[in-house]
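Topology and contacts: notes
Read off the chains here:
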Amino acid sequence: VLRATWLRRAAELSQDPGEALSFLTEARSLNPLDNEISDTLGKTLVKAGEGEKAAAVYEELAERQLELADRVHYLLKAADALSAHDPAASRALLERIEAAVPEDERVLGMLADLARIAEDTEEEVAALRRLAKVTGSKERRLQALRRAAELSEDGELLRLVVLNDP
């Protein structure tokens, strides 16, 4: 267990992604249930451009968590890791998360971002509308409403922007 901790620390300090991955792979084999080692491995895989492998690590981490908030945390990391290389898989994962926690701002924000990148205006507007409804931040609500109104030219949304804009 101690060697695994030192390997994780060495990987965090390493400038060479290959070396860091080697250290973390060994550390994980020595202590496969250590969340810090797995999380560091996920981050390192993302930096190395291995989004699918990172997502698998984060999904495994999520499965080991007892609390829903912790599961969601790691599943969001998995979706983020997938977003650059496999937006469809990222979106599918976000939709699974949304089914479990339908009013999570982070999920809705990521869905809106994926829709924007895919140039799916209708889906982006829908995600931004849901985000505006659930966010506790007045600034974030206004930002979502402005973007949705700009995209859709919907009179109702424009009215909401005017009503919410200080």
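Everything that follows concerns the structure shown earlier in this document.
The shown structure was predicted, so the numbers you read here are calculated from the model rather than taken from an experiment.

A few points about the overall build of the chain
Along the chain, the regular secondary structure elements total ten helices and zero strands. Counting the 166 residues in the chain, one finds 39% classified as buried. In the form shown here, the chain has an accessible surface area of approximately 9,700 Å², with 51% of it arising from carbon and sulfur atoms. Each charge sign in the chain was given a centre, from 23 positive and 33 negative side chains, and these centres are 4 Å apart.

As for the nonpolar core
Ranked by size, the top nonpolar core spans 42 residues in total, and within it L76, L93, L94 and I97 carry the most contacts. Tallying contributions element by element places helix α5 (residues 68-83) first for this core, with eight residues. Beyond its immediate sequence surroundings of up to four residues, I97 is in contact with V72, L75, L76 and V107.

Considering the environment of V1
Tracing the chain through its elements places V1 in the segment before α1 (2-13). By relative accessible area, which is 70% here, V1 ends up exposed. Placed 30 residues apart in sequence, V1 and N31 show a C-alpha to C-alpha distance of 6.1 Å.

Describing the side chain of Q65
Tracing the chain through its elements places Q65 in the loop between α4 (51-64) and α5. Judged by relative accessible area, which is 8%, Q65 ranks as buried. Within polar-contact distance, the side chain of Q65 engages the backbone oxygen of L61 at 3.0 Å. Those residues in contact with Q65 that sit more than four places away from it in its chain are N35, D70, R71 and Y74.

A look at α5
One turn of an α-helix holds 3.6 residues; hence residues three or four places apart share an orientation. With 16 residues, α5 extends 22 Å between its outermost C-alpha atoms, agreeing within 8% with the 22 Å of an ideal straight helix rising 1.5 Å per residue. For α5, the full list of buried residues reads V72, Y74, L75, L76, A78, A79, A81 and L82. Those residues of α5 that are buried are in contact with α3 (35-47), α4, α6 (87-100) and α7 (105-117).

Regarding the packing of aromatic side chains
Taken as a whole and judged by the stated rule, the model has zero aromatic pairs. The ring of W6 has R9 lying over it, and the distance from NZ or CZ to the ring centre is 5.0 Å.

Remarks on unusual backbone geometry
Located in the positive-phi region is E119, a residue other than glycine, with phi close to 60°. Here E119 is to be found in the loop between α7 and α8 (121-134). E119 gets classed as exposed once you look at its relative accessible area, which sits at 71%. With a phi close to 55°, E153 is a non-glycine residue in the positive phi region. Within the secondary structure layout, E153 lies in the loop between α9 (138-152) and α10 (155-164).

Remarks on the packing of α5 against α7
Where α5 meets α7, the closest approach of the two axes is 11 Å, and the angle between their N-to-C directions is 10°. It follows from the interaxial angle that α5 and α7 lie roughly parallel. Between α5 and α7, the contacting residues are V72, L76, A79, D80 and S83 on the first element and R106, V107, M110 and L114 on the second. The residue makeup of the contact of α5 with α7, split by class, is six nonpolar, one polar and two charged.

Calculation notes
Residues numbered from 1 in each chain as written. Predicted model: local features only at pLDDT ≥ 70, side-chain atom pairs only at ≥ 80, totals over all residues. Heavy atoms only, no water. Helix = DSSP H or I, 4+ residues; strand = E, 2+ residues; numbered from the N terminus. Buried < 20%, exposed > 50% of the residue type's maximum accessible area, 1.4 Å probe, protein only. Areas by Shrake-Rupley, 256 points an atom, 1.4 Å probe, with all protein chains shown as cover. Lys, Arg positive; Asp, Glu negative; His and termini not counted. Charge placed at Lys NZ, Arg CZ, Asp CG, Glu CD. Core = buried A, V, L, I, M, F, W, Y, C linked by side-chain atoms within 4.5 Å. Contact = heavy atoms within 4.5 Å. Polar contact = N/O pair within 3.5 Å; in protein donor to acceptor, adjacent residues only side chain to side chain. Expected span 1.5 Å × (residues − 1). Phe/Tyr/Trp six-rings, centres within 6.5 Å; stacked < 30°, edge-to-face > 60°. Lys NZ or Arg CZ within 6 Å of the ring centre and 35° of its normal. Axes fitted to C-alpha atoms, helices over the stretch in contact; angles between N-to-C directions. Parallel < 35°, antiparallel > 145°, perpendicular 65-115°, else oblique. Nonpolar A, V, L, I, M, F, W, Y, C, P; charged D, E, K, R; others polar.

So yeah, pure geometry; function would need other evidence.
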